[in-house]
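Listed here are the chains, written in short residue letters.
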Amino acid sequence: MKTARKDFPEGFIFGAATSAYQIEGSAFGSAGSCHWDTFAATPGNVVRAEDGSRACDHHGRWREDLDLLRDGNFDAYRFSVSWARVLPEGRGTPNAEGIDFYDRLVDGMLERGLKPFLTLYHWELPSALALRGGWMNRDIAAWFTDYSRLVMSRLGDRVAATATINEPWCVAWLSHFLGIHAPGLRDIRAAAHAMHNVLRAHGEATAALRADGHGNLGIVLNFDHAEPASQTAEDRAAATTQDAIFNRWFIEAVTRGTYPEEALSGLGPHMPGGWEADMARISQPIDWLGINYYTRHFHAADPGAPWPATREITGPLAKTTMGWEIYPEGLRNFLTRMARDHVGDLPLYVTENGMSWDDRVENGAVEDAARIAYIDGHLSAVREAIGDGANVRGFFYWSLLDNFEWSLGYEKRFGLVHVDFDTLKRTPKASYQALARALAPRI
């Protein structure tokens, strides 16, 4: 690996990321049901009808996994709390066993010299709240705020940074308009309400946590580089529309208190009544912004189709096993774009970046040269963005472990560490070893 710790500013944080449902095992520790449990139990939703009931059993093997982070010379661990593990019914009586687990986990990070970067919501909505409308119900902002205050009352004194929501585009659009993730809806009105309510939940929780005395609060947004399939006016408009839905909707709401007109042209008629009055609460100050970036897509007009009337065109570059183009320049673009257009000198973190590959253990090792090149290319893009003036403070690889990849089950492997899903044996890949060498302490 050509890029190393010495190439970044003093104090730059290197970490790896995971999420609770993807690694912990929802069947352990008296966790309640979440909508991914029930979504996965419905035929046709998840590859091979797999679920996160066992996952990587991080719930039982967390010490081993934290040791991997320490031994890989990482500075920090980005993890999430399962709402259904802490509050099995989403509200009411907490599960002491659940909150105690995260208490021990945070202490374990600190004992190993790791900074805990907490995400409060990474897609695990308790089933009891899903039955009450979930992200379509305006009351979810209060439910999420109560849950957030509970978690932070136990962990907030020891975490280095806290994100309210991970990837609200996935929470709202991918799940309520495209129907790919739980709850699996394909309904524009449901999507419009979820697109707004997820931001209301962020705003209400941020205000409450700050009033409780907690600091270093942010949100994690995912970005996808949108290119027109051609230079026709129609294809340029298609890319602009997709950029507005995917990239601009959430960041403009958080930093400007507005939604882009190109997205409102379709969502506006379906938005909750009086939504404009919520924008001041949504756009209160944050302390940092997390940026998740993986790829770019080309967009073409799709005449005659309902709004947004666009379709994706396959790009020319090499792709991961997700079918995603490898395009590091997009990461540099978003880091500089956020600094220039939205957040100024606010600290930025690359909170997710990684690739799926067809990793196999052969002779006790996993050779993943393609992933090493991917990481190197994206770290170089981060360096270039810093050179451009973006205040980037850290980089978290996704993911530490191979895990449950949502509707794709266990067949897509993003991890630095291979997991045998029969035995749960962990095998560090060549990329883990290369990154550990690159992140060795400065001399």
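These remarks concern the structure in this document.

Moving on to helix 8 (residues 168-176). Within helix 8, 9 of the 9 residues are buried, leaving the element largely enclosed by the surrounding structure. Restricting attention to buried positions, one finds in helix 8 the residues Pro168, Trp169, Cys170, Val171, Ala172, Trp173, Leu174, Ser175 and His176. Buried residues along helix 8 sit in contact with strand 3 (115-121), strand 4 (161-166), helix 9 (188-211), strand 5 (217-228), helix 10 (233-256) and helix 11 (261-267).

Before going further, it helps to spend a moment on helix 13 (residues 329-343). Taking 1.5 Å per residue as the helical rise, helix 13 with its 15 residues ought to reach 21 Å, and the 20 Å between its terminal C-alpha atoms agrees with that figure. The sharpest bend along helix 13 comes to roughly 25°, located at Arg337. Taken together, the buried positions of helix 13 are occupied by Gly330, Leu331, Phe334, Leu335, Thr336, Arg337, Met338, Ala339, His342 and Val343. In this structure, the buried residues of helix 13 make contact with strand 5, helix 10, strand 6 (288-301), strand 8 (348-352), helix 14 (369-387) and strand 9 (392-398). Phi turns positive, to about 60°, at Gly344, one or two residues after helix 13.

As a further point, take the environment of Leu401. Structurally, Leu401 is set in the loop between strand 9 and strand 10 (417-419). Since its relative accessible area comes to 0%, Leu401 is described here as buried. Expressed as a C-alpha distance, the spacing of Leu401 and Leu217, which sit 184 residues apart in the sequence, is 26 Å. Not counting chain neighbours up to four residues away, the residues in contact with Leu401 comprise Ile23, Cys56, Asp65, Leu68, Gly415, Val417, Val419 and Arg426.

In this section: the pattern of salt bridges. Taken as a whole and assessed by the stated rule, the structure comprises 36 salt bridges. Close ionic contact of Arg200 with Asp278 constitutes a salt bridge, the shortest N to O distance being 3.7 Å. Of the two residues, Arg200 sits in helix 9 while Asp278 sits in the loop between helix 11 and helix 12 (279-282), which places them 78 residues apart along the sequence. A single burial state applies to Arg200 and to Asp278, both of which are buried. Between Asp402 and Lys429 there is a salt bridge, and its shortest N-O distance comes to 2.9 Å. Residue Asp402 is located in the loop between strand 9 and strand 10, and its partner Lys429 is located in the loop between strand 11 (426-428) and helix 15 (430-438); the two are separated by 27 residues in the primary sequence. Assigned by exposure class, Asp402 and Lys429 land together as buried.

This paragraph deals with the side chain of Gln284. Mapped onto the elements, Gln284 comes out in the loop between helix 12 and strand 6. Within the structure, the side chain of Gln284 is placed 2.7 Å from the backbone oxygen of Arg281, a separation counted as a polar contact. Residues in contact with Gln284, not counting those within four places in the same chain, are Gly203, Thr206, Ala207 and Val254.

Reading the values: rules and limits
- Residues numbered from 1 in each chain as written.
- Predicted model: local features only at pLDDT ≥ 70, side-chain atom pairs only at ≥ 80, totals over all residues.
- Heavy atoms only, no water.
- Buried < 20%, exposed > 50% of the residue type's maximum accessible area, 1.4 Å probe, protein only.
- Helix = DSSP H or I, 4+ residues; strand = E, 2+ residues; numbered from the N terminus.
- Contact = heavy atoms within 4.5 Å.
- Expected span 1.5 Å × (residues − 1).
- Bend = angle between axes of the 7 residues up to and from the residue.
- Salt bridge = Lys/Arg side-chain N within 4 Å of Asp/Glu carboxyl O.
- Polar contact = N/O pair within 3.5 Å; in protein donor to acceptor, adjacent residues only side chain to side chain.

Taken by themselves, the reported measurements are silent on function.
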